[in-house]
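Structural overview for review
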Amino acid sequence: MHNRENIENLLNKSGNVVGSDGSKIGSIGQLYADDETGEPTWVTVKTGLFGTSQSFVPVDGARVDGDDLVVPYTKDHVKDAPRVDTDGHLEPEEEDRLYTHYEKGARTYSEARGDAELRDSDYRGDADLNAGAAAGRGTTAGAVGHDTSGPTTDDAMTRSEERLNVGTEKQATGRVRLRKYVTTENVTKTVPVQREEVRLEREPITEQNRGAAMSGPDLSDEEHEVVLHEERPVVEKETVPVERVRLNKDTVTEDATVNEEVRKEHVETDGIDDSRR
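All of these numbers come straight from a predicted model, not from anything done at the bench.

1. Things to note about helix α3 (residues 92-101)
Listed as buried for α3 are P92, E94, E95, D96, L98 and Y99. Two residues or fewer past α3, E103 is found with a positive phi of approximately 60°.

2. Structural notes on the nonpolar core
The nonpolar side chains of soluble globular proteins are, as a tendency, buried together. W42 and V57 are the most contacted members of the largest nonpolar core, which has 24 residues in total. For this core, the elements supplying multiple residues, two or more each, are α1 (4-12), β2 (24-33), β3 (40-47), β4 (53-58) and α3. The element that contributes the greatest number of residues to this core is β2, accounting for 4 residues. Residues in contact with V57, not counting those within four places in the same chain, are T41, W42, V43, V45, V71, Y73, V78 and Y102.

3. A short note on the packing of aromatic side chains
Across all of its chains, the model carries 5 aromatic pairs by this definition. With 5.0 Å between their ring centres and 65° between their planes, Y32 and F56 make a pair best called edge-to-face. Here the residue Y32 occupies a position in strand β2, and F56 occupies one in strand β4, the gap between them amounting to 24 residues. Here Y32 and F56 have matching classes, each one buried. An aromatic cluster of at least three residues, connected via ring pairs, comprises Y32, W42, F56, Y73, Y99 and Y102.

4. Quick notes on the layout of surface pockets
In this structure, the second largest pocket spans a volume of roughly 600 Å³. Together, E169, K170, Q171, T173, G174, R175, V176, L247, N248, K249, T251 and V252 line the second largest pocket. A class-by-class count of the residues in the lining of the second largest pocket yields 3 nonpolar, 5 polar and 4 charged.

5. Structural notes on the sheet that holds strand β1 (residues 16-18)
Where strands meet in a sheet, backbone hydrogen bonds hold them as pairs that are either parallel or antiparallel. If you walk across this open sheet you meet the 6 strands as β4-β3-β2-β1-β6-β5, and the pairing is mixed. At either margin of the open sheet sits one strand with a lone partner, and together these are β4 and β5 (63-65). Looking at each pair of strands side by side, their axes are set apart by 40° on average, direction ignored. Two strands pair when backbone bridges link them, and β1 and strand β6 (residues 68-70) are joined in this way by 2 bridges, in the parallel orientation. Each residue of the ladder has a partner; that of V18, found in β6, is V70.

6. Comments concerning a positive patch on the surface
On the surface, a cluster of positive charge is made up of K24, K75, K79 and R83. Mapped onto the elements of the fold, K24 is located in strand β2.

7. Comments concerning the pattern of salt bridges
Within this structure, the stated rule accounts for 8 salt bridges. One salt bridge in this structure joins E161 and R163, with 2.8 Å as the shortest N-O distance. Looking at E161, the relative accessible area reads 30%, which means it is partly exposed. For R163, a relative accessible area of 62% corresponds to the exposed category.

8. Re the environment of L164
Within the secondary structure, L164 sits in the loop between α5 (116-121) and α6 (210-213). Separated by 95 residues in the primary sequence, L164 and N259 have C-alpha atoms spaced 9.7 Å apart.

Quick notes on the rules
- Residues numbered from 1 in each chain as written.
- Predicted model: local features only at pLDDT ≥ 70, side-chain atom pairs only at ≥ 80, totals over all residues.
- Heavy atoms only, no water.
- Buried < 20%, exposed > 50% of the residue type's maximum accessible area, 1.4 Å probe, protein only.
- Helix = DSSP H or I, 4+ residues; strand = E, 2+ residues; numbered from the N terminus.
- Core = buried A, V, L, I, M, F, W, Y, C linked by side-chain atoms within 4.5 Å.
- Contact = heavy atoms within 4.5 Å.
- Phe/Tyr/Trp six-rings, centres within 6.5 Å; stacked < 30°, edge-to-face > 60°.
- 1 Å grid on protein atoms, 1.4 Å probe; cavity = no way out; pocket = protein on both sides within 12 Å on 5 of 7 lines; lining within 4 Å.
- Points joined across faces, edges and corners; volume = space filled by probe spheres on them.
- Nonpolar A, V, L, I, M, F, W, Y, C, P; charged D, E, K, R; others polar.
- Pairing = 2+ DSSP bridges.
- Axes fitted to C-alpha atoms, helices over the stretch in contact; angles between N-to-C directions.
- Patch = residues over 30% accessible without salt bridge, like charges linked within 9 Å, V, L, I, M, F, W, Y side chains within 5 Å.
- Areas by Shrake-Rupley, 256 points an atom, 1.4 Å probe, with all protein chains shown as cover.
- Salt bridge = Lys/Arg side-chain N within 4 Å of Asp/Glu carboxyl O.
- Lys, Arg positive; Asp, Glu negative; His and termini not counted.
- Charge placed at Lys NZ, Arg CZ, Asp CG, Glu CD.

Structure follows, in structure tokens:
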């Protein structure tokens, strides 16, 4: 037996509905509970492109497997269920169509509940949904026409068709990295350098230098030394910033074509002449 708390826990965990063949049908959408007892009776399954469509599945017979709800129906069976608006309210006729699809008619469901009072006035377990509709459960009660594929209905049938709702989702397609590395290259520069060279100078004895020339001994050994200098290139390297490089993104918009099959119902007449005059 599934209570409301168990199903809501699966909703909070973003649980999925899994078919009897083990295939994922879709994620759990909404919970529909019995207004009188509060027990869950239906859950919706998000199917279709981007989960835009929801199908109803009865909770009866389902079991919890981890964060998933396993139902005794195949994926195709669930997706082929009658389309019902997920507006938080199920009309009796809508429940009839759903139970007929899942091979659980009104009589079988009432017996499973084991409540004779429900069979008379609230055989679906939702008193407010069925208010004023008990008389319509029989074969007459003012109904016009009879639906040979299910319960008694009015004098019209609803033609439905699938609509293609296309959206977008963002996904990663690649990564771009900005990386720097070091290379070595030769740099040649010319710089002027100076050096000293020896030049021999001779000057005659004059009155101005005679004193200095005659100050020493007449004859002697003597030696003079001159230190020569020269410039040599000196290389120093320093690291300086030259520019800043960054990655940026541009958004480009283009058209993408989606091709998908959709189903629609057609209405034809049988037994009358429908030709226009």
